[in-house]
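Chain by chain, the residues:
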Amino acid sequence: MNHILKCLFIIIGTLIGAGFASGQEILIFFNRYGPNGFYGMILSGVLFGLVIFITLYIIDKKNIKKYDELIFNNKVLKCAFEVFLFICFCIMVAGCGAFFKQQFKLPFWLGSVMCSLICYGIFSCKYKGLETINTLLVPFIIIGVFVLGSGEYEPAMISN
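Residues numbered from 1 in each chain as written. Predicted model: local features only at pLDDT ≥ 70, side-chain atom pairs only at ≥ 80, totals over all residues. Heavy atoms only, no water.

Novice: Describe in detail the pattern of salt bridges, supporting the description with residues and values.
Specialist: Tallied over the entire structure, the rule returns two salt bridges. Note that Lys6 is salt-bridged to Glu131, the shortest N-O span being 3.1 Å. Note that Lys6 is positioned in helix α1 (residues 3–17) and Glu131 in helix α7 (residues 126–150), a separation of 125 residues in sequence. The class of Lys6 is buried, set by a relative accessible area of 17%. Overall, the relative accessible area of 11% leaves Glu131 in the buried class. The salt bridge involving Lys128 is made with Glu131; its shortest N-O contact spans 3.4 Å. In this pair, Lys128 and Glu131 both sit in helix α7, three residues apart, roughly one turn of the helix. Residue Lys128 is classed as exposed on the basis of its relative accessible area, which comes to 51%. Because the salt bridges share partners, they merge into one network encompassing Lys6, Lys128 and Glu131. (Salt bridge = Lys/Arg side-chain N within 4 Å of Asp/Glu carboxyl O. Helix = DSSP H or I, 4+ residues; strand = E, 2+ residues; numbered from the N terminus. Buried < 20%, exposed > 50% of the residue type's maximum accessible area, 1.4 Å probe, protein only.)

What follows is the structure, encoded as structure tokens:
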């Protein structure tokens, strides 16, 4: 599998797989604005794609090999990114704990610990771990999105 496809899978897995851009969240956020929400959804998708494209373009043109080179060895920027990533990680762990509590009636802390251990295993493999897990799971996520999006699926009523 070529490097572009692997990179694409990691981006999709990070955004959609983590639940930050799942269909339910998009529906809840943009649906409240009626028909104009559709334009907001398209605009945010284009902007997201543009940021990803520009980042990858800079990496390619400047032949960047390390994360520090991308952020120009700026300690403040690096700290800001690390705080942001830590907050996102905490949100993901909390969401996993809530999911296991709701779906399986397990204690919140148990779902959070399980998620943390799985993440530790993936992160300890560095880039190869992210590449492997996303290469395996993202095709199933894409198929699921198409199956649910093309069928007679009716989302649950959303109250404001």
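Next, the rest of the story.
Novice: A description of the packing of aromatic side chains should follow, citing residues and the corresponding values.
Specialist: Evaluated as defined, the whole model comprises six aromatic pairs. With a centroid separation of 5.9 Å and 70° between ring planes, the pair formed by Phe38 and Tyr39 is classed as edge-to-face. A residue is classified by how much of its surface remains accessible, and Phe38, at 47% relative accessible area, is partly exposed. Residue class for Tyr39 comes out exposed when judged on its relative accessible area of 57%. With centroids separated by 6.1 Å and ring planes inclined at 55°, the aromatic side chains of Phe89 and Phe123 adopt a geometry described as tilted. Here Phe123 lies in helix α6 (residues 108–124) and Phe89 lies in helix α5 (residues 75–104), a separation of 34 residues in the sequence. (Phe/Tyr/Trp six-rings, centres within 6.5 Å; stacked < 30°, edge-to-face > 60°.)

Novice: Break down the side chain of Glu131 for me, with residues and values.
Specialist: Of note is the side chain of Glu131, whose polar atom sits 3.1 Å from the side chain of Lys6. Within the structure, the side chain of Glu131 is placed 3.4 Å from the side chain of Lys128, a separation counted as a polar contact. When neighbours within four sequence positions are excluded, Glu131 is seen to be in contact with Lys6 and Ile10. (Polar contact = N/O pair within 3.5 Å; in protein donor to acceptor, adjacent residues only side chain to side chain. Contact = heavy atoms within 4.5 Å.)

Novice: Could you give me a rundown of the nonpolar core, with the residues and numbers involved?
Specialist: Residues Val93, Cys96, Phe100, Cys115 and Cys119 constitute the largest nonpolar core, which totals five residues. Sorting the residues of this core by element identifies α5 and α6 as the ones contributing at least two each. With three residues, the top contributor of residues to this core is α5. In this view, Cys119 contacts Phe89 and Met92; residues no more than four positions away in its chain are not counted. (Core = buried A, V, L, I, M, F, W, Y, C linked by side-chain atoms within 4.5 Å.)

The values are spatial; any link to function lies outside them.
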